[in-house]
Amino acid sequence: MKVRDLMTQNVQWADQDQSIEEVARILASSDIGSVPVCQGEQLLGIITDRDIIVRAVAQGKDPKTTKCSEIMSKKIKTVTADTDVHQASDLMAENQIRRLPVVENNRLVGFLAIGDIAVESIHINEAGEALSDISEGVHH
């Protein structure tokens, strides 16, 4: 199974010039902890709720005037739509990432959330258990 099979294509993103106050509103209204930062469709970085707290609020920066490009993380882990889901899952686990940007030619094309993988795994496990029950002749 590939990332394209599970990723969300309609991605909330922030423009590099948006204030961190505006980004905080995006995070709150979408109930997410991170949002990609783009210029057009080009992925420049990612900004998390923790970035806003640690790199801005805790340092006394004004949320209305501080641009997200000033505090975003520029070193980001990404995958392509053709990446195997297991590889993406391993990357998320190794780096403690909940949401992974999906890029093609440095263009943001989607997002893969840990929840998307978890839901799919449950279906696969349920299907596997059902098949195993059927082949063993178990009656419920």
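It should be emphasised that the depicted structure is a prediction, and the values quoted were computed from it without experimental measurement.

Trainee: Teacher, can you tell me more about the environment of glycine 110 here?
Mentor: The topology assignment puts glycine 110 in strand β5 (residues 107-113). C-alpha separation for the pair glycine 110 and threonine 80, spaced 30 residues apart in sequence, amounts to 9.0 Å. For glycine 110, the contacting residues outside a window of four places in its chain are Met7, Thr8, Gln9, Val11, Leu100, Pro101 and Val102.

Trainee: Is there a simple way to think about unusual backbone geometry in this case?
Mentor: Trans peptide bonds make up the majority, and among non-glycine residues the majority have a negative phi. The phi angle at glutamine 96 is positive, at roughly 55 degrees, despite the residue not being glycine. One can find glutamine 96 in the loop between α4 (85-95) and β4 (99-104). One non-glycine residue, asparagine 105, adopts positive backbone phi at about 50 degrees. Summarising the element assignment, asparagine 105 is placed in the loop between β4 and β5.

Trainee: Looking at this model, I keep getting lost on the side chain of glutamine 16. Mind explaining?
Mentor: Assignment of secondary structure puts glutamine 16 in the loop between β1 (14-15) and α1 (20-30). Other than its neighbours up to four places away in sequence, glutamine 16 contacts Val37, Cys38, Gln39, Leu44, Lys67, Cys68 and Ser69.

Trainee: Sorry if this is basic, but what is going on with the confidence of the model for the protein chain here?
Mentor: Parts of the model with low pLDDT should not have their predicted coordinates read in detail. Here the protein chain averages 86 in pLDDT, while 86% of its residues score no lower than 70. Mean pLDDT across the elements of the protein chain ranges from a minimum in helix α5 (residues 114-136), with 60, to a maximum in helix α3 (residues 68-71), with 96.

Trainee: Would you explain the packing of aromatic side chains in this entry?
Mentor: Each aromatic ring pair is summarised here by two numbers: the centre-to-centre distance and the angle between the ring planes. With the rule as written, the count across this model stands at zero aromatic pairs. The ring centre of phenylalanine 111 lies 4.1 Å from the NZ or CZ of arginine 99, which sits over that ring.

Trainee: Where do I start with the pattern of salt bridges in this structure?
Mentor: Summed over the entire model, instances satisfying the criterion amount to six salt bridges. Here lysine 67 and aspartate 17 are joined by a salt bridge, their closest N and O atoms 3.7 Å apart. Of this pair, lysine 67 sits in the loop between α2 (49-55) and α3 while aspartate 17 sits in the loop between β1 and α1, placing them 50 residues apart in sequence. For lysine 67, a relative accessible area of 35% gives the class partly exposed. Arginine 25 is the salt-bridge partner of glutamate 21, the closest N and O atoms lying 3.4 Å from each other.

Trainee: Would you take a moment to explain α1 for this structure?
Mentor: Since the α-helix turns once every 3.6 residues, residues separated by three or four places project in the same direction. Within α1, burial applies to Ile20, Val23, Ile26 and Leu27. Each buried residue of α1 sits inside an arc of 110 degrees when the element is viewed along its axis, so together they form one side. More than 90 degrees from the buried face of α1, the exposed residues found are Arg25, Ala28 and Ser29. In this structure, the buried side of α1 is in contact with β1, β2 (34-39), β3 (42-48), α2 and α3.

The rules we used
- Residues numbered from 1 in each chain as written.
- Predicted model: local features only at pLDDT ≥ 70, side-chain atom pairs only at ≥ 80, totals over all residues.
- Heavy atoms only, no water.
- Helix = DSSP H or I, 4+ residues; strand = E, 2+ residues; numbered from the N terminus.
- Contact = heavy atoms within 4.5 Å.
- pLDDT = per-residue confidence, 0-100.
- Phe/Tyr/Trp six-rings, centres within 6.5 Å; stacked < 30°, edge-to-face > 60°.
- Lys NZ or Arg CZ within 6 Å of the ring centre and 35° of its normal.
- Salt bridge = Lys/Arg side-chain N within 4 Å of Asp/Glu carboxyl O.
- Buried < 20%, exposed > 50% of the residue type's maximum accessible area, 1.4 Å probe, protein only.
- Arc of directions from axis to C-beta.

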